[in-house]
Amino acid sequence: MKFTGIGQIHPVVKRLMLVNFIRSIGQGMMVVELALYLDALGWSTAAIGSVLAAGGLLGVVLAPFIGVYSDRLGRKPFVLISELVTAGCALAGVLTTNPILLSIAITLTGFGKADAGSPSPCAPAEQAWLASFVPTAERGRVYSLNNALSFFGMGAGAVLAGAASFLKTGVSPYRLLFCYILVASLITASIILTIQGGEAENRQGNKKEGRRNEEKKILHEENAAVLKLAAINILNGIAIGLTGPMMSYWFSAKFGASQAQIGSTLAVTFFMTGITSILQARLSHKHGTIRSIVFIRFIGSLLLILMPLLSSYALVSVIYMLRTALNRGTQGAQQALSVSLTRNQRSGFASSINLFSMRLPTSIGPYITGYLFGLGSLSLPFYIASCLQLSFTYLYGRLFSSYDIRMKSHASSG
């Protein structure tokens, strides 16, 4: 089966991509504005950090359960409930500034996290649902395109948030952001309601696979592959946590960068990541998903070493944008691998383990970085992160290089 253009993508996949894009615009706005809004309300930095961390941890804890149960009950209900919960929490943000209600809303939805269009904690369900409409051989390309739309949306959201800042006269205009989230969530929920299919195929697949005498062997092989990916994800997750969440502080501490400079850097980074994701889609289709991921992430890991060595904010910001775009541009292709390590009826499980093994160690990184920054070491976290990501890249290629051959066999037999 050849896959040559966007026009040949399954109509349901296009709808799910549209949902992802609309959702990511609001996330881009929230990444820029939420902490500022809470600060304007008089929240302490500790309170802001705590509620953002709570949202991340809740998503990490719930994701495995949602992934497993979405395999059994269907993916659509979980994704739909996620949009409706987001709409309800956004409504709370529009109507009140009560700290308890806002804390609950932020925790339930993960507002303020750069989730790149992901409906955390229901991301495993959505990724598995998407996989049921995409041939295995084309997942690297399609998931990369979906990732590109996510970052283009976040970039657009960051730009819109920055433009809206010129119109602000007080605290209340921040709540317009919640208005967008509310409307957008209702729109995406409406789109999801129109989608049919994907679930029956999985249930049918369960029956067929259940008749096989080699079921136990297949399960063992699938579980082993998923656990291998989870093990090396720990390296990548810690590396991401060491640098990503603390970059704004590092830019400010080392270079005295202003909020406007940092915001502009982040917005451009989102757009560059979208472009890199499109490049990743082409490389995946031409050279194989794993080979392209390893090549791009190797370059990104080397660039990370350069950042603490440079003394110009302009130059460092360019390196940061390029390095982040290269690393996060492979995110879609990595998701494609995770949902393809198992059969379709277990892809929710595989996706949830992939997500859990990444995000839990990511939450540890900022504590290590904060401690090292407190000791006056603004460079060491970058060197540690680079070593971890180089190790991840090597192991990723070593353990999963044969997967490109499997993908070609799917393509030739499709």
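Just so you know, these numbers come straight off a predicted model, no measurement behind them.

Conventions adopted
In every chain, residue numbers begin from 1 and rise along the written sequence. Only residues with pLDDT of at least 70 are given local features in this predicted model, and only at 80 or more are side-chain atom pairs given and counted; all residues enter the totals for whole chains, interfaces and linings. Where side-chain values are given, they derive from all heavy atoms of the structure, hydrogens and water being excluded. Runs of H or I in DSSP of at least four residues are treated as helices and runs of E of at least two as strands, each being numbered from the N terminus. Two residues form a contact once any of their heavy atoms are found within 4.5 Å. Per-residue and other accessible areas were derived by the Shrake-Rupley procedure at a 1.4 Å probe size, with only the shown protein chains allowed to occlude residues. Angles shown run from 0 to 180 degrees and are taken between the N-to-C directions of axes, each axis being a line fitted to C-alpha atoms and, for helices, limited to the stretch in contact. An angle counts as roughly parallel when it lies under 35 degrees, as roughly antiparallel when it exceeds 145, as roughly perpendicular when it falls between 65 and 115, and as oblique in every other case. In a left-handed crossing the near helix is turned counterclockwise from the far helix by less than a right angle, and in a right-handed crossing that turn is clockwise. We call Asp, Glu, Lys and Arg charged. Ala, Val, Leu, Ile, Met, Phe, Trp, Tyr, Cys and Pro are nonpolar, and the rest, Gly among them, are polar. Any carboxyl oxygen of Asp or Glu that lies within 4 Å of a side-chain nitrogen of Lys or Arg is treated as forming a salt bridge with it. A simple rule labels every residue: compare its accessible area, found with a 1.4 Å probe on the protein chains alone, to the largest value its type can have, and call it buried under 20%, exposed over 50%, or partly exposed in between.

K.L.:
Account for the overall build of the protein chain, naming residues and giving values.
P.N.:
Secondary structure assignment for the protein chain yields 18 helices and 0 strands. Partitioning the contacts of the protein chain with sequence separation of at least 6, the portion at a separation of at least 24 is 88%. Accessible surface for the protein chain amounts to roughly 18,000 Å². Of this, 68% is attributable to carbon and sulfur atoms.

K.L.:
Explain the environment of F133 residue by residue, including any values.
P.N.:
You can see F133 is positioned in the loop between α5 (123-131) and α6 (139-164). As a C-alpha pair, F133 and I9 span 124 residues in sequence and 9.0 Å in three-dimensional space.

K.L.:
Any details on the packing of helix α12 (residues 289-306) against helix α17 (residues 380-400)? Residues and values, ideally.
P.N.:
To describe two helices that pack against each other, one gives the angle between their axes and the distance between the axes. Remark: α12 packs on α17, axes separated minimally by 9 Å, with the N-to-C direction vectors making an angle of 165°. What the angle tells us is that α12 and α17 run roughly antiparallel. Every pair of crossing elements has a handedness; the one defined by α12 and α17 is left-handed. Contacts between α12 and α17 pair I290, I293, V294, R297, F298, S301, L302, L304 and I305 from the former with F382, Y383, A385, S386, Q389, L390, F392, T393, Y396, G397 and F400 from the latter. Of the residues assigned to the contact of α12 with α17, the class counts are 14 nonpolar, 5 polar and 1 charged.

K.L.:
Before we move on, can you summarise the pattern of salt bridges with the specific residues and values?
P.N.:
Oppositely charged side chains can pair when the atoms bearing their charge come close. Under the defined criterion, the tally for this structure stands at 5 salt bridges. The shortest N-O distance in the salt bridge between R343 and E222 comes to 2.7 Å. Residue R343 is found in the loop between α14 (331-340) and α15 (347-362), and its partner E222 is found in helix α9 (residues 215-243); the two are separated by 121 residues along the sequence. Classification of R343 by relative accessible area gives buried; the value is 12%.

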